[in-house]
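# Report on the structure
Read off the chains here:
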Amino acid sequence: QEQIVESGGGLVQPGGSLTLSCVDSEKSFPLLIMGWYRQAPGEQRDLVASITRGGNTNYADSVKGRFTISRDNTNNTVVLQMNNLKPEDTGLYYCNGGLLARTMAKQDFPFWGQGTQVTVSS
């Protein structure tokens, strides 16, 4: 049974920073692709950033240049460093991963963690 635990969210002012962490404690080996998703209230969940096992990254246009995703393959951990936060970054952030880009795009996962809330407000 895989377990995903996200942490690091909180309330910050615009322009502030947060670091989100995600750990899959049940994995015996790293997932090929890992990513962070954001879901604002009443809206769909969208992929914000992803990273392959080899370190290749992709970012949504809305966060490019402000967010940085990284991973620790040994510990099955993925981190999202968020800088210069904006109110539109507000949402519940989830971590997940899979073997294929298709899986990431379709959000075809057997389970999700609880997410961690990020609120950007003055």
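Provided above is the structure to which this section pertains.
Reading the values: rules and limits
Numbers given for residues are sequential positions, taken from 1 along each chain in its written order. In keeping with the predicted nature of the model, local features appear solely for residues at pLDDT of at least 70, side-chain atom pairs appear and are counted solely at 80 or more, and the whole-chain, interface and lining totals rest on all residues. To get the side-chain values, take all heavy atoms of the structure and skip hydrogens and water. Paired strands, as defined in this entry, are two strands with at least two bridges between them according to DSSP. Secondary structure elements are taken from DSSP: a helix is a run of H or I of four residues or more, a strand is a run of E of two residues or more, and numbering for both begins at the N terminus. Working convention: axes come from line fits to C-alpha atoms, limited for helices to the stretch in contact. Angles between N-to-C directions cover 0 to 180 degrees. Three exposure classes are used, based on accessible area relative to the maximum for each residue type with a 1.4 Å probe and protein chains only: buried under 20%, partly exposed in between, and exposed over 50%. We treat Lys and Arg as the positive residues and Asp and Glu as the negative residues; His and chain ends play no part in the count. Salt bridge criterion: a side-chain nitrogen from Lys or Arg within 4 Å of a carboxyl oxygen from Asp or Glu. Note on contacts: a residue pair is in contact if any heavy atoms of the two residues lie within 4.5 Å.

Our next topic: the sheet that holds strand E10 (residues 116-120). Pairing in this open sheet of six strands is mixed, and the strands run E2-E10-E9-E4-E5-E6 from one edge to the other. Two strands in the sheet have a free side with no partner beyond their single neighbour: strand E2 (10-12) and strand E6 (57-59). The average undirected angle you get between the axes of adjacent strands in this sheet is 25°. With seven bridges joining them, strand E4 (residues 33-39) and strand E9 (residues 91-98) adopt antiparallel strand pairing. Along E9, the bridge assignment pairs tyrosine 37 with tyrosine 94.

So, on to unusual backbone geometry. Positive phi, normally seen in glycine, also occurs at asparagine 84, with a value near 50°. The phi angle at glutamine 107 is positive, at roughly 55°, despite the residue not being glycine. As for its placement among the helices and strands, glutamine 107 is situated in the loop between helix H1 (101-106) and E10. Under the relative-accessibility criterion, glutamine 107 is labelled partly exposed at 23%.

With that settled, the discussion passes to the side chain of arginine 45. Tracing the chain through its elements places arginine 45 in strand E5 (residues 45-52). There is no salt bridge for the buried arginine 45, and the closest opposite charge comes from glutamate 6, which lies 7.8 Å off by N-O distance. Apart from the residues lying within four places of it in its own chain, the contact partners of arginine 45 are Tyr37, Arg38, Gln39, Tyr94, Gln107 and Trp112.

What follows covers the sheet that holds strand E1 (residues 4-7). Within the open sheet, the four strands sit side by side as E1-E3-E8-E7. Their pairing is antiparallel. Both outer strands of the open sheet, E1 and strand E7 (67-72), are each paired with one neighbouring strand and no more. For this sheet, the mean inter-axis angle between neighbouring strands, taken without regard to orientation, is 15°. Across six bridges, the pairing between strand E3 (residues 18-24) and strand E8 (residues 77-82) is antiparallel. Across the sheet, residue leucine 18 finds its bridge partner in E8, namely methionine 82.

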